[in-house]
Amino acid sequence: MRASLEWLREFVPVGASAGEVAHRLTMLGLEVEAVEQIDGDNIFEINVTPNRPDCLSMIGVARELSAAFGAEITFPDHEFKSETGELDFNVDILNSALCPRYAGRIVKGLKIGPSPDWLKIRLEKCGIRSINNVVDVTNYVLLELGHPLHAFDLGCIKGHRISVGTPKDVKGSAEKLRFLTLDGNERELPEDALLIWDAERPIAIAGVMGGLETEVSGTTVDIFIESAYFDPVSVRRTSRATGLKTEASFRFERGADIKMLKKALDRTAFLMHKIAGGTIYGKIDVYPAKYTAGKISVNYEKINRVLGLDLADSEITGYLGRLGFVVEKVNGRYDLTPPPFRVDMQRDADIIEEIARVYGYERIPAVLPAAVTGIEGQDNSRASLSEALLKEMKGSFLKSGFTEVINYSFMGENDLDLLGIDAGDVRRMMVRIKNPLRAEDACMRTTLIPALIKNIVYNVSHGNKSFRLFEISRAFLAGGNRDDKLPEERNHFAAALYREKIQSLYRDDTPDFFVVKGVIEALFNSLKIAPYSFIRSAEPFLHPGQSADILIAGSKVGYIGALSPVVVGRLDIKAQRPSIILTELDIDLLSGHYAQSAQMIRYSPLPRYPFSERDTALIVDESLESSEIVDLLKSYSSDLIEGVTLFDVYKGKNIPEGKKSIAFSIRYRASDRTLKDEEVEDLHNQIVGFMIGRTKGLLRT
Amino acid sequence: MIEDLKQTFLNELGSATSAADLFQLRVNYLGKKGTVTAALKTLSSASPEDRPLLGKKINEVKQFIEAELDSREASLKSETLKKQLLADSIDITLPGKYTAFGREHPINKVLLEIVDIFVRMGFSVEQGPEVEQDYYNFEALNFPKEHPARDMQDTFFVSDDIVLRTHTSPVQVREMEKRKPPVRFIAPGKVYRCDADITHTPMFNQVEGLMVDKNITFSNLKGILEAFLHRMFGPGTPIRFRPSFFPFTEPSAEVDIGCILCGGSGCRVCKESGWLEILGAGMVNPAVFEFVGYDTEVYSGFAFGMGIERIAMLKYSIDDIRLFYENDIRFLGQF
């Protein structure tokens, strides 16, 4: 809200500088975001929080200054003599729950015209455009006293009467009406909208906007001024349903001052008469549901206990008095009656804030709480383990050259279409957002891969030819059967490697698949996550010959592979056959296995006797995968085998078509003696024989 | 005669250049059929009185030749080695072979820094769902339906009762439902609001904090947050608490630090005010305690929340929040 210091000073005699006033207001909770100088006046841009509708006016801000500086408030003139003649005009409230008070005055014989300069200038300083003297006065009083007013052209109100109610109240049945508002648009009104009616039709949406047909125009002579109180929830509903946010609805939905409305009405009539002439007629004030101030009790001791202060009783009552509270002291507590404009005062905590505010937050000392012994929270072992896992994971990938990205949690159907993920796939079980910013962001992610692919395309388009990325974020799966109807949220890890064939100083021809796989294996080994294995994957977006599902103890925890050339072809990447490796892991599944292994660490004694190694190369069918060789070797039952390593896989010269050579090394050791050469030789020959038999291979010599 | 032998040897040694030459010399002089060996054999034909002296001389020459050969061999070896090492030399100014380390995202870097400070103060770390029930995100935090305070947070809806959480505050309610005081934790995480411009992204990160026990005061809130802010932004950083409004805290405060860019004299970033808004905080509203069944006469507590993006932008002088989510590695590589 914009407030003029010159105007404020009419209400409260504050001599302090504009800077000082702005500071005090900010420290009272009315944050002055900017100060603008216009013609020697200072205009404050004040951020009024939603709990303080009473501060959406000059008088409201002045009341705060009065409390802060201890200066008296002067009310603007609003006394006048009105004509007492018979009023041929009736007001009926049909719904006193939504409209507990409705007041109005008739002013006849006005001369509509431009407003005087002083009025125009004040409105413009506060950001309101001048329209004509009658409308300007209602806006002026809105700014001054904070109460929304509306002027109807009396000549357009049919049947000399006004009633207030919903369509059901008036017509006996709920219906959605169409209504022409004064901004010139016809709108459909919600069936529970509170409306102002004349004898025949609705003429205004209560507390939101008037109608075009009863608008004050250049030819208006007589007017009816409305000053009423409307239910905040009702106004807010109607305002939201019609999309109409006005100065009036903004104040009514936050809570107007039911007692102020009479003063506001008289002030309006007073100014209109002064500016536009005419005769003011007697007041109509229908007030079926009388306001009674609710009392709030506050424990004296609790005030100091919550604030950490030691305020004296007189100090507390002093602050409350300055804020307009009526204070009664009863047995160590205060029974307080807040002023009617403080609709935000509900309970003791609200009162405590008021005291702290006027005392000054800056004067409250900063004291660290007494230490709490013991470990906070519940048994966190599982949580801290998964934290440790995350830390290891992040560390491994960072050190292996992967840069962390954070993407929005959104995606669209088309992201899954691009990957060829079919309708039955669990990743199609997306949480859908009803009001997304863009259609392509209408769902929550079920996989992190689409975003990583976008990151790749973006970075490639900015000239990057080689980079590695990873992300740790949640994936959301709808359609579960949780009692709370919430989706399943799973922690995912995903990484991407992109590399074009570029010249490099040192030769390294390790296929990128193994670069990424190596980081994962190193991580699993370091965390003792076992037993893990890699089997061929059927992920639709990965290269079928260069992809694997990652299994731990036989169940899938993720996948790794080259992005399928079919998908690459759909992307805006011009490079010829770049290498793109992707992997995604479900961290929650991993952390279960990690939790088990982390608790099973037991020391094993170091060997005391030397080892012997033997190397052998076999020629086997090309299709035989190395993991099968290793599994076979491991399946051979002997206590003397300490470890098995593959050290060469070769195809080409000297090897028959359709075959390959696989070389392995076996380390032998006994725990209780030094092995004799013949013993090792013998065992190794047996194993080689076993391998030849099982692989139907040949010994390579 | 034996003197001549020595001189001849020295001449020949002078022209020897390789290990092979030296070996040949050794054979020629000291080998079985070598000159020195032959001279020794002549001893038996020398007269008995000349024999000792002659023997001594020949032995001296033999030792001399041996020593010379050894020394020449050693120096030749070391010269050869030197040559070989020189030939093996590499351009040590070429770059090493490595995979450059990846970089942690600046948001997570700042987030972990914040988490670390609170963990050192004894706060545990908790999590809550990002797709959240209206009840936890609003209702139990004292934002009734149709309350204007809901306008403070533009909300993404999944259904009438399910939203993308607009703040990390629902974790407060979930944790208090789970356990009794004392409670002391922080809850970092992603939050969502339907808003996108130069200072807003539809997703961003917050850290929430809650401490509840007997006798926890507003003064304690100031104590904890001052300790945190002084660690985060430097010990001398000016701090200002001013009244504000959040439905779930009362009294509520906005916490500002003296502008770290202009030092408080006023600049574009602090909108000439000299202060930067950094945190929202307050004493837990008793209405929230009632939702979770805590006795409002026995317990009190404070809560606070901060946006990570804003802190990261200030820390690294970043002027466009969207950079964080473009994930351009030229940007990410700078942290």
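Residues numbered from 1 in each chain as written. Chains lettered and ligands numbered in written order. Predicted model: local features only at pLDDT ≥ 70, side-chain atom pairs only at ≥ 80, totals over all residues. Heavy atoms only, no water.

1. A look at the packing of helix α3 (residues 35-42) of chain B against helix α4 (residues 51-87) of chain B
All names here are of chain B.
Then, number 1: Running from N to C, α3 and α4 cross one another at 165°; their axes reach a closest spacing of 10 Å. It follows that α3 is roughly antiparallel to α4 by the angle criterion. Here α3 and α4 pass one another in a crossing that is left-handed. Only I58, K62 and I65 of α4 make contact with α3, whose side of the interface consists of V36, A39 and L40.
Then, number 2: Here the residues of the contact of α3 with α4 are counted per class, giving 5 nonpolar, no polar and 1 charged. (Axes fitted to C-alpha atoms, helices over the stretch in contact; angles between N-to-C directions. Helix = DSSP H or I, 4+ residues; strand = E, 2+ residues; numbered from the N terminus. Parallel < 35°, antiparallel > 145°, perpendicular 65-115°, else oblique. Left-handed = near helix turned anticlockwise from the far one by under 90°. Contact = heavy atoms within 4.5 Å. Nonpolar A, V, L, I, M, F, W, Y, C, P; charged D, E, K, R; others polar.)

2. Examining the sheet that holds strand β1 (residues 2-4) of chain A
All names here are of chain A.
Then, number 1: Spatially, β1-β3-β2 is the arrangement adopted by the 3 strands of the open sheet, whose pairing is antiparallel. Either end of the sheet is taken by a strand with one partner, and the two such strands are β1 and β2 (31-38). The mean inter-strand angle of the sheet, taken between neighbouring strand axes irrespective of direction, is 30°.
Then, number 2: Pairing geometry for β2 and strand β3 (residues 41-47), over 7 bridges, is antiparallel. (Pairing = 2+ DSSP bridges.)

3. Looking at the sheet that holds strand β24 (residues 542-552) of chain A
Residues and elements named next belong to chain A.
Then, number 1: Spatial strand order, β18-β21-β22-β26-β25-β24-β23: 7 strands in an open sheet with mixed pairing. Single-partner strands in this sheet number two, and they are β18 (403-404) and β23 (532-536).
Then, number 2: Of the pairings in the sheet, the one linking β24 to strand β25 (residues 555-563) comprises 7 bridges and is antiparallel in character. The partner of L542 across the bridge, within β25, is L563.

4. Section: the side chain of B:R179
Residues and elements named next belong to chain B.
Then, number 1: Along the polypeptide, R179 turns up in the loop between α7 (170-178) and β4 (183-192).
Then, number 2: According to the relative accessible area criterion, R179 is buried, its value standing at 9%.
Then, number 3: A polar contact is formed between the side chain of R179 and the side chain of E175, at a distance of 3.1 Å. (Buried < 20%, exposed > 50% of the residue type's maximum accessible area, 1.4 Å probe, protein only. Polar contact = N/O pair within 3.5 Å; in protein donor to acceptor, adjacent residues only side chain to side chain.)

5. Considering the domain arrangement of chain B
Then, number 1: Each assigned domain of chain B is listed here: domain 1 (2-87) and domain 2 (106-332).
Then, number 2: If you average the C-alpha positions of domain 1 of chain B and of domain 2 of chain B, the two centres end up 92 Å apart. (Domains from an automatic or database assignment.)

6. Re the interface of chain A and chain B
Then, number 1: Facing 86 residues of chain A, the contacting portion of chain B comprises 94 residues.
Then, number 2: At the boundary of chain A and chain B, one finds 10 salt bridges.
Then, number 3: One can count 38 residue pairs in polar contact (both at pLDDT 80 or more) joining chain A with chain B.
Then, number 4: Ranked by the residues each element gives to the side of chain A that touches chain B, the list is headed by strand β21 (residues 466-477) of chain A, at 8 residues.
Then, number 5: The residue inventory of the side of chain A that touches chain B, partitioned by class, reads 36 nonpolar, 20 polar and 30 charged. (Salt bridge = Lys/Arg side-chain N within 4 Å of Asp/Glu carboxyl O.)

7. Description of the domain arrangement of chain A
Then, number 1: Per the domain assignment, the segments making up chain A are domain 1 (2-69), domain 2 (90-286), domain 3 (296-361), domain 4 (381-598) and domain 5 (612-699).
Then, number 2: When each unit is reduced to the centre of its C-alpha atoms, the spacing between domain 2 of chain A and domain 4 of chain A is 60 Å.

8. Considering unusual backbone geometry
Then, number 1: The omega torsion across A:A530 and A:P531 is -5°, close enough to zero to call that bond cis.
Then, number 2: Between B:E250 and the following residue, B:P251, the backbone shows a cis peptide bond with an omega angle of -5°.
Then, number 3: Mapping B:P251 onto the fold places it in strand β7 (residues 249-258).
Then, number 4: For A:K528, which is not glycine, the phi torsion reads 60° and is therefore positive.

9. What to know about the side chain of B:S169
Then, number 1: You can see B:S169 is positioned in the loop between β3 (162-164) and α7.
Then, number 2: Residues in contact with B:S169, not counting those within four places in the same chain, are B:L141, B:E208 and B:F248.

10. Some thoughts on the environment of B:Q153
Residues and elements named next belong to chain B.
Then, number 1: Within the element layout of this structure, Q153 appears in the loop between α6 (134-137) and β3.
Then, number 2: Judged by relative accessible area, which is 9%, Q153 ranks as buried.
Then, number 3: Taking the C-alpha atoms as reference, Q153 lies 9.1 Å from Y192; in sequence the two are 39 residues apart.
Then, number 4: Leave out the neighbours within four places in its chain, and Q153 touches F138, F143, T166, H167 and R193.
Then, number 5: A polar side-chain atom of Q153 sits 3.4 Å from a polar atom in the side chain of H167.

11. Observations regarding the nonpolar core
Then, number 1: If you look at the biggest cluster of nonpolar residues, it comprises 117 residues, and the most contacted ones within it are B:I114, B:F118, B:F304 and B:M306.
Then, number 2: The biggest single contributor to this core is helix α8 (residues 218-233) of chain B, with 8 residues.
Then, number 3: Setting aside its immediate chain neighbours within four residues, B:M306 contacts B:I114, B:F118, B:N205, B:Q206, B:V207, B:F228, B:I278, B:L279 and B:I311.
Then, number 4: The next biggest cluster of nonpolar side chains, apart from the first, holds 94 residues, and it includes A:C126, A:L154, A:L195 and A:A269. (Core = buried A, V, L, I, M, F, W, Y, C linked by side-chain atoms within 4.5 Å.)

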